[in-house]
Amino acid sequence: MTASERPLLEIRELGVSFDTDEGMVRAVDGVSFVARQGRTLGIVGESGSGKSVATKAVIRLLPANARIDPGSAILLRRDDGEVDIAGLPAKGREVRRLRGGDIGMIFQEPMASFSPVYTIGNQMMEAILEHRDHLARRIGGSFDRKTAREHAIRMLERVGMSNARLRIDQYPHELSGGMRQRAMIALALSTHPSLLIADEPTTALDVTIQAQILDLMLELQQELGMAMLFITHDMGVIAQIAEDVAVMYLGRIVERGPTREVIREPAHPYTRGLLAALPRLDTGRRRLTPVPGDIPSPLQRPAGCPFHTRCPQRMPGLCDRLVPGDTPLDATRSVACHLYGEGAP
Amino acid sequence: MLRFVVQRAVGMVVTMFFVSIMVFAIMELPPGDYADRYAFRKFSGTGVSVTESDIASIRRQFGLDRPAWQRYLSWIGGIVTRFDFGPSFAFETSANRVIGQRAGLTVVLLVGTLLLTYLLSIPIGIYAALRRQSLADYGLTVVSYLGLAIPNFMLALILLYVSVRYFGSTIGGLFSPEFEKAPWSWAKFVDLLRHLFVPAVVLAWSATALQLQTVRATMSDELNKLYVDAARARGLPEWKVIVKYPARLAINPVVSTIGFDVNRIFSELPIVALVLSLPELGELLIKSFLDLDMYVAGAILLMLTAIIVFMNFVSDVVLAFLDPRIKLEGG
Amino acid sequence: MAAAGLPEGPGRSAEELRYYTASQWELVWWRLCRHRAAMAGAFVLALFALLGIFADFVAPYGGTSRDRDYIYGPPQIPRFWDDKGFSFRPFVYALKTERDPVTLRKIAKIDTDTRRYISFFVAGEPYRLFGLVPANTHLFGVEEGRIHLFGTDDLGRDVFSRLMFATGVSLSIGVLGVLLAEGLALVIGGIAGYFGGWIDYAIQRLTEVVRVIPVIPLYMGLAAAFPREWSNIQVYFAMTIILGLVGWPTLARRLRSHLLAQRNEDYVLAARLAGASSAWIIRKHMLPSFTSYIIVDVVISFPYVILSETALSFIGLGLRPPTISWGILLQEAQNVRAIEQAPWLFLPALFVIVAVLAFTVLGDGLRDAADPYAVRKS
């Protein structure tokens, strides 16, 4: 593998449980994936699939009652070597340096991720100054209030915000939805992270703005050479932005591979169901075909394959007893389904 | 922002205008006037009977025979132009003189109580929100409830009793006997503080309890919001995440109720002052109503409400300053 | 995050069905019942209310009857056994008066040789239940002599009896005052919110003005001017009215803004689109959303009125003897002799504190129960 293809972030057997009043709830159950420099990995799944929890675990942004499995590994490659984030103390300095420095994160609700009582400039400069050492290493230069402000203005211009010099002193509620999202991206990218985690950033936007934001993110990714983890439930967005995709269901990855191939020839019944459920204008079909049933509560995980309760191709005796392992389909694809395993028909 | 302040200031003046009318109406409420009372006193005190014409002449002397609206206008005019609250019939001097010192005490106690309340309730409320369901949190809740439930006069009595019994000091009154007539000195000042401490604590306890619960509830709500997590995701140190972000918003409800707090304090002060033998406006108010010494009574009521209205104004302005979202909503 | 909705699977249990088909009020009630502190508060308040309403019956003596032999007498605590043996019926010791050799004052002493058994539903001083029905049965009493559960005061009056009457009076002032305030709030706030426009503006100004009045100084001033000829009943009502008249602004304001905001809510629009009439929308949709507000505000306002009355009567500006209220009882306790010699005279303070605590706790519980967004265990 060449340097640019070595994984920047490698997750191995990540497991996350929550200690609740109703017992231990398993949110992420043995998930492994990689993110590479300059490439985007899309993570698709319904609410309850564990996709948010898995990515939040990368920067240890989990609530106090979350427990990461001792065997999990979250490896980040940096200039000074490799660090296992899973092994770091959750409240320590290392983790804080990573957050917002090496790893940036943007959220679904841009209004909610800014504090309403400070200007966006204030919050941007705060982040820049907090990570001034990291920035110095990445792009050189030293940062004080003045240079931080200039840097912030440059970033706002870079994300296409008109009148950046004026807007930097405005409050979040004074900006429109699309502008707020751009501001949030500017904030996250102002520290030049090597990895960006995007947690459903376009879900709350209307379609035209969505397209603009996606284009922007692609441009910036190219320019900064970032790796990106893009979480969404929208297959259409994945098709536009992610080279690789991982499909999650109830805390496990059920299928992964290059996006084009997975969409063209979905292997796992769940993926097929998701794609079939997309409304299309080019066929004459009148009725929509959603995936039948509801996602089970994590408190009542089905035995065996988590999807078997809703799977049209389940094999009684096998799917309801044995958890399917990751079966490679070729060099780049794999699927977790008994249909492709040893007992395949 | 300036426009907002001006708007609010104008509103304050308008409110005060209506308040003054209402106060005047209240002054007019009790039947009879000073002339009647004076006659009654004279008669019951000295046995000298007072004739109708005597009463009438007294009335004329004090201008009490003019129609209501004329008296109102001259009263208001005097206040606004010369800060003169009118004459005190009973004390035969100006109302300003009569009220002066006691008003000072009221204001001092008000400021002291407010300071104590906010300095205590905000940090403790934030702390309680961070440590929910902990022992300290429950303890604080119990103390808060007690503060709200124990009548303030009882609390004053208890503290008075405790300090007499266990500290052997006489906390009642404004000064200890030895300092009463003495000229001002540092020691006298310290003595004053010691005496003001108990009423301030009594008044502050229930106010603190209320604000503490409010801060705690607001803080808990804010802690769960996304922007707090987002701030953490930016790698900010935990203390900054707490103090700069949710704490700042938790203060809002406290600021917005400053006027209400002042109102409450003014309501509780007379009783506590009576129990602790502090020379305060409440006593004077009672006396002036008994004597129908109208200008004094009116002046006291007007002053108290003016302070409350002003504090409402302050609270509005500070709130708008703290929370930029408010300005846009307008009146 | 699991998907919302009814749990899958055949045959839900009867209990689950009840839960999912319960009306809003039933849900609130159930949640409230689980809040133990609030339930305790409600129980205490119900108890106080009963004691107050049936004070004539519960109290062994009238509010003003005096026992000249037992002045400043300590409480007599009912016992079930002593060195003479066990007894099923509770009893107290008889009292006898002696002269203190030093001060020559009469002092009540407990005679541990004579037992007075307590009987229930005894005949005692006559009274009129609710002021109408003549009766003379009391809840408990002793056949000979007198029983003073909470001791007596400086005039030999039974503290327990007076406390029962005081409870009734103080609570009733609370009820009336709050009713008046809430009623005004509903009307004024409702009009402002419903009509909007300049009516709303005018009412807003009025609310501002009333809101800034400090209640007790105002009351103190007016009370000093009450004509001496006024009967106690008149003073009682005047006090209630004044306290109530100043209490409406907070709720009225909240109601008004609630109404104005709700008008624009999507669910109102949806109901209108579905063809609902204004009356229906108001009754079925908007009213329930602020009824819980009203209930909570009522429960929270109570302590304020009660504390005000207590404080004012305490300093002598409120109700006057022979009316009995908590404040008046405390006023009589307020002298140095009492603190040292007869601390039981402060028992009314305990009642006040417990009542206010009960209201506060109940109010908190109601607020939590009515709030659909409150975080709860499953």
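Residues numbered from 1 in each chain as written. Chains lettered and ligands numbered in written order. Predicted model: local features only at pLDDT ≥ 70, side-chain atom pairs only at ≥ 80, totals over all residues.

Observations regarding the domain arrangement of chain A
All names here are of chain A.
Argument step 1. Once the domains are mapped, chain A shows domain 1 (1–102 + 195–289) and domain 2 (113–192).
Argument step 2. On a C-alpha basis, the centres of domain 1 and domain 2 stand 25 Å from each other.
Argument step 3. In this complex, domain 1 contributes 14 residues to the contact, which on the side of domain 2 involves 14 residues.
Argument step 4. With 7 residues, helix H9 (residues 207–224) is the largest single contributor of residues to the side of domain 1 that touches domain 2. (Domains from an automatic or database assignment. Contact = placed C-beta atoms within 7 Å. Helix = DSSP H or I, 4+ residues; strand = E, 2+ residues; numbered from the N terminus.)

Let's talk about the nonpolar core
General note: in soluble globular proteins, nonpolar side chains tend to be found buried as a group.
Argument step 1. Membership of the largest hydrophobic core comes to 243 residues, with the highest contact counts inside it found for Val254(A), Val272(B) and Ile300(B).
Argument step 2. With residues near it in sequence (within four places) discarded, Val254(A) still touches Val247(A), Met248(A), Tyr249(A), His268(A), Tyr270(A), Phe307(A), Val335(A), Ala336(A) and Cys337(A). (Core = buried A, V, L, I, M, F, W, Y, C linked by C-beta atoms within 7 Å. Buried ≥ 20, exposed ≤ 12 C-beta atoms within 10 Å, placed from the backbone.)

Focus: the environment of Arg3(B)
Residue and element names in this part refer to chain B.
Argument step 1. You can see Arg-3 is positioned in helix H1 (residues 2–28).
Argument step 2. With 9 C-beta atoms packed within 10 Å, Arg-3 lands in the exposed category.
Argument step 3. Spatially, the C-alpha atoms of Arg-3 and Pro-199 are 39 Å apart, while their sequence positions differ by 196 residues.

Points about the packing of helix H3 (residues 36–53) of chain C against helix H5 (residues 159–195) of chain C
Residues and elements named next belong to chain C.
Argument step 1. Following both chains from N to C, one finds H3 and H5 inclined at 110 degrees, their axes separated by 7 Å at the closest point. One way to sum up the angle between H3 and H5 is to call them roughly perpendicular. Seen from H3, the contacting residues are Phe-48, Ala-49, Leu-51, Gly-52 and Ile-53; seen from H5, they are Met-164, Thr-167, Gly-168 and Leu-171.
Argument step 2. Here the contact of H3 with H5 is composed, by residue class, of 6 nonpolar, 3 polar and no charged. (Axes fitted to C-alpha atoms, helices over the stretch in contact; angles between N-to-C directions. Parallel < 35°, antiparallel > 145°, perpendicular 65-115°, else oblique. Nonpolar A, V, L, I, M, F, W, Y, C, P; charged D, E, K, R; others polar.)

Focus: the sheet that holds strand E13 (residues 334–335) of chain A
Residue and element names in this part refer to chain A.
Argument step 1. Strand order in the open sheet formed by 8 strands is E7-E8-E9-E3-E10-E11-E13-E12, with mixed pairing between adjacent strands. Strand pairing shows two members of the sheet lacking a second neighbour, strand E7 (103–106) and strand E12 (327–328), which therefore form its edges.
Argument step 2. As defined by bridge partners, E12 adjoins E13 across 2 bridges and the pair is classed as antiparallel. Among the inter-strand pairings, Thr-327 is bridged to a residue of E13, identified as Val-335. (Pairing = 2+ DSSP bridges.)

Some details on the confidence of the model for chain B
Residue and element names in this part refer to chain B.
Argument step 1. Put simply, chain B has an average pLDDT of 80, and 86% of its residues get 70 or more.
Argument step 2. Within chain B, no element has a lower average pLDDT than helix H14 (residues 324–329), which sits at 62, and none a higher one than helix H9 (residues 226–233), at 89.
Argument step 3. Both scores are available for the predicted complex, with the pTM at 0.79 and the ipTM at 0.81. (pLDDT = per-residue confidence, 0-100.)

A closer look at the packing of helix H8 (residues 177–189) of chain A against H9(A)
Residues and elements named next belong to chain A.
Argument step 1. Taken N-terminus to C-terminus, the directions of H8 and H9 make an angle of 15 degrees; their axes are 10 Å apart at the nearest point. Judged by the angle between their axes, H8 and H9 are roughly parallel. The two elements H8 and H9 cross, and the hand of that crossing is right-handed. Of the residues in H9, those touching H8 at Gly-177, Gly-178, Gln-181, Ile-185 and Leu-189 are Ile-209, Gln-212, Ile-213, Leu-216, Met-217, Leu-220 and Leu-224.
Argument step 2. In the contact of H8 with H9, the residues fall into 8 nonpolar, 4 polar and no charged. (Left-handed = near helix turned anticlockwise from the far one by under 90°.)

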